[in-house]
Amino acid sequence: MNPYLQDIRSLFETGLDLSTLNDSRILVTGATGLIGSCLVDVLLTNPHRNYQVYALGRNEERARQRFNNYWETADFHFIRHDISLPLDSDICFDYIIHAASNASPNFFKEKPVEVIKSNIIGVENLMEHGIRHGMKRMLFVSSGEIYGEGDGREFTEADSGYVNCATPRACYPSSKRAAETLCVAYAAEYGADVVIARPCHTYGPYFTESDNRVYAQFIRNLLDGKDIVLKSRGEQYRSWLYVVDAAHALLTILTKGAKGEAYNVADEQSNITIRALAELLAGAEDRQVVFDIDDANGNTTPITRATFSTEKLAQLGWRPLTTIAEGLQHTLAAQRLLLR
């Protein structure tokens, strides 16, 4: 049994209710990404579903592989499209979940313009389509990176830290900030119903081959039978969340969140350093964490500490179901199954 799929089934066994979405058309952009594909999995695993799911992505071959189990089902539809271009469709999507944004650090370096476009222009294109076709609500999947560098305290939704906008690396947090403002501007000027989610660092199986986020690199090393190599001291302190819990939180915000509001998405019990994350993964595979520090200070990220208050999200009735140790073990096991 794939533990990732069992975790999704457990959401419904423990009471996830998506009846609000019945008789609707749901568009998920970024559908082949880590979070987007999990959202599609959750929506189509719902034993009581009565809606149509439209998965939008640029790569149809990847989508066919990822959604092979659903491809021929009547309530699944794939739309091949780049969301930085206008959406030429007459379909009325009642609910739009905009999760299309490359969160892999190598893209921040190599394709910063495209990262910005998918966030800002993507919101514009989806909002314009939604307003013309009677959209009920949009969920914009932003990022906890919008907070930048703070003073060490956990971020609430009202906080804002420092981001050096005059760097290519700022393409991600700065465009996410601007896209959030664009969302609330559409709400104020045109009456659009929009809610915003700010996920922390999210992990899970089915990450793409180009994903170079640290957890993905660690897992590749382990599945290749290698030790984990840290290029820094690994002291950066982060909130982490298993992707199934993240998808659960996003659907909770979509169905229960207050119009125009933003919600942090994190697990306050899963705040650890990069080094601790590496040690958890390595321990699960009986491997070692070794250090190969190749810079002066052993710290290559601009944000040293990023943890988030989830009190606002908890008030909607959400709570994580998976500990970080369980989530990492399930991620390893599910990713191993993909290699068979």
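This text goes with the structure placed above it.
Everything numeric in this text was worked out from a predicted model, so none of it was measured. Positions within a chain are numbered from 1, following the residues in the order the chain's sequence is written. Since the coordinates come from a predicted model, pLDDT governs what is reported: local features require at least 70, and pairs of side-chain atoms require 80 or more to be given and counted, while whole-chain, interface and lining totals use all residues. Excluded from the side-chain calculations are hydrogens and water; all other atoms, namely the structure's heavy atoms, are used.

Visitor: Is there a simple way to explain the overall build of the chain in this structure?
Guide: Looking only at helices and strands, one finds eleven helices and 13 strands in the chain. Atoms considered for the radius of gyration are the C-alpha atoms alone. The globule rule reads 2.2 Å times the number of residues to the power 0.38. The globule rule puts the C-alpha radius of gyration for 340 residues at 20 Å, and the 19 Å found for the chain is close to it. Its C-alpha atoms give the chain principal-axis dimensions of roughly 55 × 45 × 35 Å. Counting over 340 residues, the chain shows a buried share of 53%. The criterion used for residue contact is that any of the two residues' heavy atoms lie within 4.5 Å. Look at the contacts in the chain between residues 6 or more apart in sequence, and 81% of them connect residues 24 or more apart. Helix and strand assignments follow DSSP, with helices taken as H or I runs no shorter than four residues and strands as E runs no shorter than two, numbered in order from the N terminus. Relative accessibility thresholds used throughout: buried, under 20% of the residue-type maximum; exposed, over 50%; partly exposed, between the two (1.4 Å probe, protein chains only).

Visitor: In this structure, what is going on with the layout of surface pockets? I would like to understand it.
Guide: Which parts of space are left empty comes out when a probe the size of a water molecule is rolled across the atoms. As a volume, the second largest pocket reaches approximately 430 Å³. Those elements that place two or more of their residues in the lining of the second largest pocket are α3 (60-66), α7 (214-223) and α11 (324-338). For the lining of the second largest pocket, the element with the most residues is α3, which contributes four residues. Classification convention: Asp, Glu, Lys, Arg as charged; Ala, Val, Leu, Ile, Met, Phe, Trp, Tyr, Cys, Pro as nonpolar; all other residues, Gly among them, as polar. Residue classes in the lining of the second largest pocket are distributed as six nonpolar, five polar and six charged. Using only the protein atoms, space was sampled on a 1 Å grid; points where a 1.4 Å probe fits but cannot get out form cavities, open sets with protein on both sides within 12 Å along at least five of seven lines form pockets, and lining residues are those with an atom within 4 Å of a point. Grid points are joined across faces, edges and corners, and a volume is the space filled by probe spheres set on the points.

Visitor: Would you take a moment to explain the sheet that holds strand β3 (residues 76-80) for this structure?
Guide: Pairing between the strands of a sheet is mediated by backbone hydrogen bonds and can be parallel or antiparallel. One bridge is not enough; two strands pair if DSSP finds at least two bridges between them. Pairing is parallel in the open sheet, where seven strands are placed in the order β3-β2-β1-β4-β5-β6-β10. On the outer flanks of this sheet lie β3 and β10 (262-265), each paired with one strand and no other. With direction set aside, neighbouring strand axes in the sheet form an average angle of 20 degrees. In this structure, strand β4 (residues 95-98) lies alongside strand β5 (residues 137-141), joined through four bridges in parallel fashion. Across the sheet, Ile97 pairs through a bridge with Leu139, a residue of β5. Simply put, an axis is a line fit to the C-alpha atoms, just over the touching stretch for a helix, and the angle between two N-to-C directions goes from 0 to 180 degrees. Seen against the sheet, helix α5 (residues 112-132) touches β1 (25-29), β4, β5 and β6 (194-199) and runs at an angle of roughly 175 degrees to β4. Seen against the sheet, helix α6 (residues 171-190) touches β5 and β6 and runs at an angle of roughly 160 degrees to β6.

Visitor: I keep staring at the packing of α7 against α11 and nothing clicks. Help me out?
Guide: Helix-helix packing is characterised by the crossing angle of the two axes and by the distance between the axes. At a minimum axis separation of 11 Å, α7 and α11 run at an interaxial angle of 60 degrees. Of the possible angle classes, the one that applies to α7 and α11 is oblique. The chirality of how α7 crosses α11 is right-handed. Mapping the contact onto sequence places Ile219, Leu222 and Leu223 in α7 and Thr331, Leu332, Gln335 and Arg336 in α11. Of the residues contributing to the contact of α7 with α11, the split by class is four nonpolar, two polar and one charged. Note that the term roughly parallel is reserved for angles under 35 degrees, roughly antiparallel for angles over 145, roughly perpendicular for angles of 65 to 115, and oblique for everything else. Crossing handedness: left-handed means the near helix sits turned counterclockwise from the far one by under a right angle, and right-handed means the same turn made clockwise.

Visitor: Hey, could you run me through the pairing of β1 in this one?
Guide: Consecutive residues of a regular strand have side chains that alternate between opposite faces of the sheet. Burial analysis of β1 places four of its five residues in the buried class, the great majority of the element. Across five bridges, β1 lies against strand β2 (residues 52-57) in parallel orientation. Bridge assignment links Thr29 to a residue of β2, and that residue is Leu56. Here the term right-handed applies to a crossover when the path leading from its first strand over the helix to its second strand runs clockwise, the strands being oriented away from the viewer. Following the backbone out of β1, through helix α2 (residues 34-45) and into the adjacent parallel β2, one traces a crossover that is right-handed. Two elements, β1 and β4, share four bridges in a ladder whose sense is parallel. Bridging across to β4, Leu27 finds its partner in Ile96.

Visitor: How should I be thinking about the pattern of salt bridges in this particular structure?
Guide: As a working rule, side chains carrying opposite charge can pair if their charged atoms are close by. Salt bridge criterion: a side-chain nitrogen from Lys or Arg within 4 Å of a carboxyl oxygen from Asp or Glu. As enumerated under the stated definition, the model contains 13 salt bridges in all. The closest approach of N and O atoms between Asp75 and Arg49, which form a salt bridge, is 2.6 Å. With Asp75 in the loop between α3 and β3 and Arg49 in the loop between α2 and β2, the pair connects residues that are 26 residues apart, well separated along the chain. For the salt bridge of Glu180 with Arg198, the shortest nitrogen-to-oxygen distance reads 2.7 Å. Residue Glu180 is found in helix α6, and its partner Arg198 is found in strand β6; the two are separated by 18 residues along the sequence. Accessibility assignment for this pair places Glu180 and Arg198 in one class, buried.

Visitor: Any chance you could explain the side chain of Asn271 here in plain terms?
Guide: When you line up the elements, Asn271 lands in strand β11 (residues 271-273). In this structure Asn271 comes out as buried when scored by relative accessible area, which is 16%. Contacts described as polar in this section are N or O atom pairs within 3.5 Å, which, within protein, must combine one atom able to donate a hydrogen with one able to accept it, while residues neighboring in sequence count only if both atoms come from side chains. Within polar-contact distance, the side chain of Asn271 engages the side chain of Ser239 at 2.6 Å. At 3.4 Å, the side chain of Asn271 and the backbone oxygen of Glu268 are in polar contact. The residues contacting Asn271, other than those within four sequence positions of it, are Tyr237, Arg238, Ser239 and Thr307.

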